[in-house]
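So you can see what is in the structure, the chains are spelled out below.
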Amino acid sequence: MAIKKKDLNFIKKKISESIRPLFFFDDDADGLSSFLILYDLVKEGKGIIIKTSPDLSLKYLQQVKEYSPDLVIILDKPDVSQEFIDKVHVPIIWLDHHEPQKRHNVHYFNPRIDDDKDNRPTTYWAHQINPENLWIATVGCVADWFVPEFAKDFKKQYPDILNKLNKNPAELLFNSRFGELCKLFNFILKGKTKDSLTCIKILTRIKDPHEILDKTTPQGKFLYKKYTSAKKEYDQILSEVRPPKDNLLVFKYSADRTSYTSELSNELLYRYHDKMLIICREKSGEMRCSLRSTKLNVAKILKESLTDVRGYGGGHEHACGACIDVDDFPRFVENVRSKISK
């Protein structure tokens, strides 16, 4: 186990003893699932979704001051500014699985510190800390493209939701009833933050995934309705994608629509698994992009393609995010195309 048992026990002890914890988590199924699992240790505190940027910067300090927590927990965020850390005067636990960072005065846990190839999702480690809520842990892991060993226990418990286990997470995401749960966890985070927090509060009270998929409780019906509303818009955007003429698929959609860039990237990668993808949405003078490939080193290609354009980005070997100046975007695309055509 890349994150040591004593470190997992340390995290559990600190959270369990907290009276007023404040959670910051990423706006995807992995971040949400991690929060739900660790929040369940105390059933107290406050969760804040980080929607606007990949990093946790000084601008979030005001929320710390307003809440006055006795512990801050940061989940699934690839970057936290040292300035933010220095201004928070209570212990900080940062649990992540992206490229390791060097920061001071923070309890930082990342499996890639000991083994750079071990990028098991934050949800996986949250489940090691609190092995309750098996269904949430399985959803968070698979939605982050990792099939955990405990997925077989989920299959035994919910055979009508997951009747066939596949080592390829894409098959579970896009070719099973289970995939609906993964999409739901992502889709309820879309739109207004206030609405998302309402859904998250309801999720903390859901005991069984059948409540949602079979709409057996008012809470489950509410979440499923929110999901289907978002899915209608998502499916419309997805229908507008056309097959690529070469080995690079580039798809752009407008800023006046909800951002589904990451979700579109994942599903299109399943459909066009032999292509590299750039899926993006124009907003505030930038093209906010998601890059995917099953075979190519996307992180390396992205880094090399940013050399002469205004933009930034990073991520995993096969999945990255980037923001590119809208005027430089055509050059960026050509840079990427030149890299993958070699």
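All values reported here derive from a predicted model rather than from experimental measurement.

Caption draft 1: Region of the structure containing the overall build of the protein. Of the regular secondary structure elements, the protein holds 15 helices and 12 strands. The C-alpha atoms of the protein give a radius of gyration of 20 Å, which matches the 20 Å a tight globule of 342 residues would have. Counting only C-alpha atoms, the protein reaches 55 × 50 × 40 Å along its principal axes. With 342 residues in all, the protein has 52% of them scored as buried. Here the analysis covers contacts within the protein between residues at least 6 apart in sequence; of these, 56% occur between residues at least 24 apart. Within the structure as shown, the protein displays about 16,100 Å² of accessible surface, and the carbon and sulfur contribution to it stands at 48%. Each charge class in the protein was averaged separately, 56 positive and 49 negative side chains, and the resulting centres sit 2 Å apart.

Caption draft 2: Examining the nonpolar core more closely. Counting 76 residues, the largest nonpolar core has Trp135, Phe178, Phe185, Leu203 and Leu264 as the members making the most contacts within it. Considering every element that reaches this core, the biggest residue donor is helix H6 (residues 134–143), with eight residues. Every residue in contact with leucine 203, bar those within four places of it in the chain, is listed here: Leu32, Leu36, Trp135, Phe185, Ile188, Ile212 and Leu223. Counting residues in hydrophobic clusters, the runner-up holds 20 residues, among them Met287, Val298, Leu306 and Val309.

Caption draft 3: Expanded view of the pattern of salt bridges. Under the defined criterion, the tally for this structure stands at 21 salt bridges. The salt bridge partner of lysine 13 is glutamate 17, with a shortest N-O separation of 2.9 Å. You can see lysine 13 and its partner glutamate 17 sitting in helix H1 (residues 5–17), four residues apart, about one turn around the helix. One exposure class covers both lysine 13 and glutamate 17, and it is exposed. Between aspartate 214 and arginine 177 there is a salt bridge whose closest N-O contact spans 2.4 Å. Of this pair, aspartate 214 sits in the loop between helix H11 (210–213) and helix H12 (218–239) while arginine 177 sits in the loop between helix H8 (169–174) and helix H9 (178–187), and the two are 37 residues apart along the sequence.

Caption draft 4: View of helix H5 (residues 122–129). The buried fraction of H5 is high, at seven of eight residues. Taken residue by residue, H5 has Thr122, Thr123, Tyr124, Trp125, Ala126, His127 and Ile129 as its buried positions. If you follow the buried residues of H5, they end up packed against H1, helix H2 (29–39), strand E4 (71–75), strand E6 (92–95) and H6.

Caption draft 5: Representation of the environment of valine 88. Among the structural elements, valine 88 can be located in the loop between helix H4 (82–87) and E6. Accessibility expressed as a relative area gives 8% for valine 88, which makes it buried. Note: C-alpha distance between valine 88 and leucine 71 (17 residues apart in sequence) is 9.6 Å. Ignoring any residue separated from it by four or fewer positions in sequence, one finds valine 88 in contact with Leu61, Val64 and Val72.

Caption draft 6: Inspection of the state of the cysteines at higher detail. Per the stated rule, a full pass over the model turns up zero disulfides. Cysteine 141 takes part in no disulfide bond, and the closest cysteine sulfur to it belongs to cysteine 182, at a distance of 9.9 Å. With a relative accessible area of 0%, cysteine 141 lands in the buried category. Cysteine 289 takes part in no disulfide bond, and the closest cysteine sulfur to it belongs to cysteine 280, at a distance of 4.4 Å. Its relative accessible area of 6% is what places cysteine 289 among the buried residues.

Caption draft 7: Local environment of the sheet that holds strand E10 (residues 286–292). Pairing is mixed in the open sheet, where five strands are placed in the order E8-E9-E10-E12-E11. On the outer flanks of this sheet lie strand E8 (248–253) and strand E11 (311–315), each paired with one strand and no other. Ignoring strand direction, the axes of neighbouring strands in this sheet form an average angle of 15°. Pairing between strand E9 (residues 276–283) and E10: seven bridges, direction antiparallel. Paired with leucine 277 across the bridge in E10 is arginine 292.

Rules and cut-offs
- Residues numbered from 1 in each chain as written.
- Predicted model: local features only at pLDDT ≥ 70, side-chain atom pairs only at ≥ 80, totals over all residues.
- Heavy atoms only, no water.
- Helix = DSSP H or I, 4+ residues; strand = E, 2+ residues; numbered from the N terminus.
- Rg over C-alpha atoms; globule rule 2.2 N^0.38 Å.
- Buried < 20%, exposed > 50% of the residue type's maximum accessible area, 1.4 Å probe, protein only.
- Contact = heavy atoms within 4.5 Å.
- Areas by Shrake-Rupley, 256 points an atom, 1.4 Å probe, with all protein chains shown as cover.
- Lys, Arg positive; Asp, Glu negative; His and termini not counted.
- Charge placed at Lys NZ, Arg CZ, Asp CG, Glu CD.
- Core = buried A, V, L, I, M, F, W, Y, C linked by side-chain atoms within 4.5 Å.
- Salt bridge = Lys/Arg side-chain N within 4 Å of Asp/Glu carboxyl O.
- Disulfide = S-S within 2.5 Å.
- Pairing = 2+ DSSP bridges.
- Axes fitted to C-alpha atoms, helices over the stretch in contact; angles between N-to-C directions.

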